[in-house]
Amino acid sequence: MTNILGIIGYPIGHTFSPLMHNTAIKHLGLDYIYLPFEVKKENMALAIGGLKGLGINGINVTIPHKESVISYLDNLDDNARFIGAVNTIKLEDGRLKGYNTDGLGFLKSLKIDAQENAKGKNIIILGAGGAARAIAIQMALEEANSIIIANRTGERGEELAVHINAKCKMQNVKCKVKAISLRDNSLVEYFKKADIIINTTSVGMIDSNTPLFPYNYISDRHLVCDIVYKPIETKLLKEASVRGARFLNGLGMLIYQGSLSFKIWTGHEMPVEIVKKVLMEELTKT
Ligand code: ATR
């Protein structure tokens, strides 16, 4: 019987995960299929219950369900519990277990694709959702010097900063974490000291989105990262390039988080180079 994998989110039309996983499945000759499922907030309980009912082996979770999904799961692995968000679920012996591969996926892309380390760096994270949580905690564990969480909704950023500071204390990690509002005038001062800027919001997926912050804050001292991968070069990355900054698109994070999830579900290594080639072809189609 064919094993079913998939992704739930809302909206879901933008996702490249089916192409990525189905390419890997086909290349390895596995009896799996990966499908997208558009699930609204109000249908989450039914959808997650349905995984058990139908015996669906594994699922990715994306915007906006990464945090809320936790309440429907039977258990979490240490990383997901630590982060407080889930992007991967596996049905194991009839029980749903949550994992998080986002932070490690981003870290791998930072190291391999941008040849950069977080240790000792001053980092600004734009956004405070599930992806921000995973990335911020991973950067703290890598001993970043400081992390500024800049979010549209100030209180959500504050909550995340409190969460990360508590986790750092537990692990004896020395990293200063602070939240500010995206509209705060002092944001420009943090940019002057920052080494790495990471956009974890969905702004950039649509061309007409207004900028998260004034682009003239960016300078050639920055590495600017966007976890958005479609378009492959977002407005933010174009502005970074114009200002002499280095930049990193979201394709590497997509592939590395995906390869970690793929391993959890199937036990196989994803053929990363083949997958990357197929995704690049799709992304650069005119
Ligand atoms: P995910 O779990 O994938 O990270 P999420 O939890 O919905 O998704 O989080 C999305 C993030 O993008 C949030 O930080 C959100 O800001 P708010 O907390 O203020 O909602 C941010 N975001 C989304 N659209 C935005 C916009 N137009 N401008 C600024 N921030 C935006």
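For the structure, check the block above.
A short tour of the structure in this document, coming up. (Residues numbered from 1 in each chain as written. Predicted model: local features only at pLDDT ≥ 70, side-chain atom pairs only at ≥ 80, totals over all residues. Heavy atoms only, no water.)

With that out of the way, let us pick up the overall build of the chain. Regarding its fold elements, the chain presents 10 helices and 12 strands. Against the globule reference of 19 Å for 286 residues, the chain gives a C-alpha radius of gyration of 18 Å, in line with a compact fold. Each principal axis of the C-alpha distribution contributes one length, and for the chain these read about 55 × 45 × 30 Å. When burial is assessed residue by residue, the chain has 52% of its 286 residues classed as buried. Across the chain, the fraction of contacts at a sequence separation of at least 24, relative to all contacts at a separation of at least 6, is 69%. When the accessible surface of the chain is totalled, it reaches about 13,200 Å², and 52% of it is carbon and sulfur. Across the chain, the mean location of the 34 positive side-chain charges is 3 Å away from that of the 29 negative side-chain charges. (Helix = DSSP H or I, 4+ residues; strand = E, 2+ residues; numbered from the N terminus. Rg over C-alpha atoms; globule rule 2.2 N^0.38 Å. Buried < 20%, exposed > 50% of the residue type's maximum accessible area, 1.4 Å probe, protein only. Contact = heavy atoms within 4.5 Å. Areas by Shrake-Rupley, 256 points an atom, 1.4 Å probe, with all protein chains shown as cover. Lys, Arg positive; Asp, Glu negative; His and termini not counted. Charge placed at Lys NZ, Arg CZ, Asp CG, Glu CD.)

Moving on to the pattern of salt bridges. Scanning the model with the defined rule gives 17 salt bridges in all. Among the ionic pairs, R133 bridges to E67, the shortest N-O distance being 3.5 Å. Highlighted residues: R133 in helix α5 (residues 130-141) and E67 in the loop between β3 (58-61) and β4 (75-76), separated in sequence by 66 residues. Between K285 and E282 there is a salt bridge, with its nearest N and O atoms 3.1 Å apart. Looking at E282, the relative accessible area reads 33%, which means it is partly exposed. Counted as one network, the salt bridges with shared partners bring together E67, R133 and R156. (Salt bridge = Lys/Arg side-chain N within 4 Å of Asp/Glu carboxyl O.)

On to the sheet that holds strand β9 (residues 176-181). Note: strands within a sheet are paired through backbone hydrogen bonds, in either parallel or antiparallel orientation. Reading across from one edge, β9-β8-β7-β10-β11-β12 is the order of the six strands in this open sheet, with parallel pairing throughout. Looking at strand neighbours, the two that pair on one side only are β9 and β12 (246-248), the edges of this open sheet. Shown here is a sheet whose adjacent strand axes are inclined to one another by a mean of 15°, direction ignored. Relative to strand β10 (residues 196-199), strand β7 (residues 122-126) is paired through four bridges, and the arrangement is parallel. Pairing of L126 across the sheet is with N199, part of β10. Here helix α6 (residues 154-171) sits on the sheet in contact with β8 (146-151) and β9, set at roughly 175° to β9. (Pairing = 2+ DSSP bridges. Axes fitted to C-alpha atoms, helices over the stretch in contact; angles between N-to-C directions.)

With that settled, consider the side chain of T201. Here T201 lies in the loop between β10 and β11 (223-226). At 2.8 Å, the side chain of T201 forms a polar contact with the side chain of N199. Within the local environment of T201, its side chain forms a polar contact with the backbone nitrogen of V203, the two atoms lying 3.1 Å apart. (Polar contact = N/O pair within 3.5 Å; in protein donor to acceptor, adjacent residues only side chain to side chain.)

Glycine aside, residues mostly have negative phi angles, and peptide bonds mostly take the trans form. The step from Y10 to P11 runs through a cis peptide bond, and the omega angle for that step is 0°. Its location among the elements puts P11 in the loop between β1 (3-9) and α1 (17-28). In this structure, P231 follows K230 across a cis peptide bond, with omega equal to 5°. Look at D93: it is not a glycine, yet its phi comes out positive at around 50°. The class for D93 is exposed, based on a relative accessible area of 80%.

Among the nonpolar cores identified, the biggest contains 37 residues, and F106, I123, M139, I147, I149, I164 and I198 are the most heavily contacted of them. Looking at this core element by element, the count peaks at eight residues for α5. When we break this core down by domain, the ones giving at least three residues each are domain 1 (3-100 + 253-285) and domain 2 (103-249). In contact with M139, not counting residues within four places along its chain, are F106, L107, L110, A118, I123, A144, I147 and I198. Core analysis: the next-biggest nonpolar cluster, separate from the first, contains 23 residues, F16, A24, L30 and W265 among them. (Core = buried A, V, L, I, M, F, W, Y, C linked by side-chain atoms within 4.5 Å. Domains from an automatic or database assignment.)

In summary, the side chains of a regular strand alternate between the two faces of the sheet. Here β3 runs beside strand β5 (residues 88-92); their pairing, made up of three bridges, is antiparallel. Looking at the pairing, N60 lines up with T88 of β5. Pairing analysis gives five bridges linking β5 to strand β6 (residues 95-99), with the strands arranged antiparallel. Its bridge partner being in β6, E92 is matched across the sheet by R95.

Quick look at the sheet that holds strand β2 (residues 32-38) now. With mixed pairing, the six strands of this open sheet are ordered in space as β2-β1-β3-β5-β6-β4. Only two strands of the sheet have a single neighbouring strand rather than two, namely β2 and β4. Each of β1, β3, β5 and β6 touches helix α2 (residues 44-54); the most contacted strand, β6, lies at about 115° to it.

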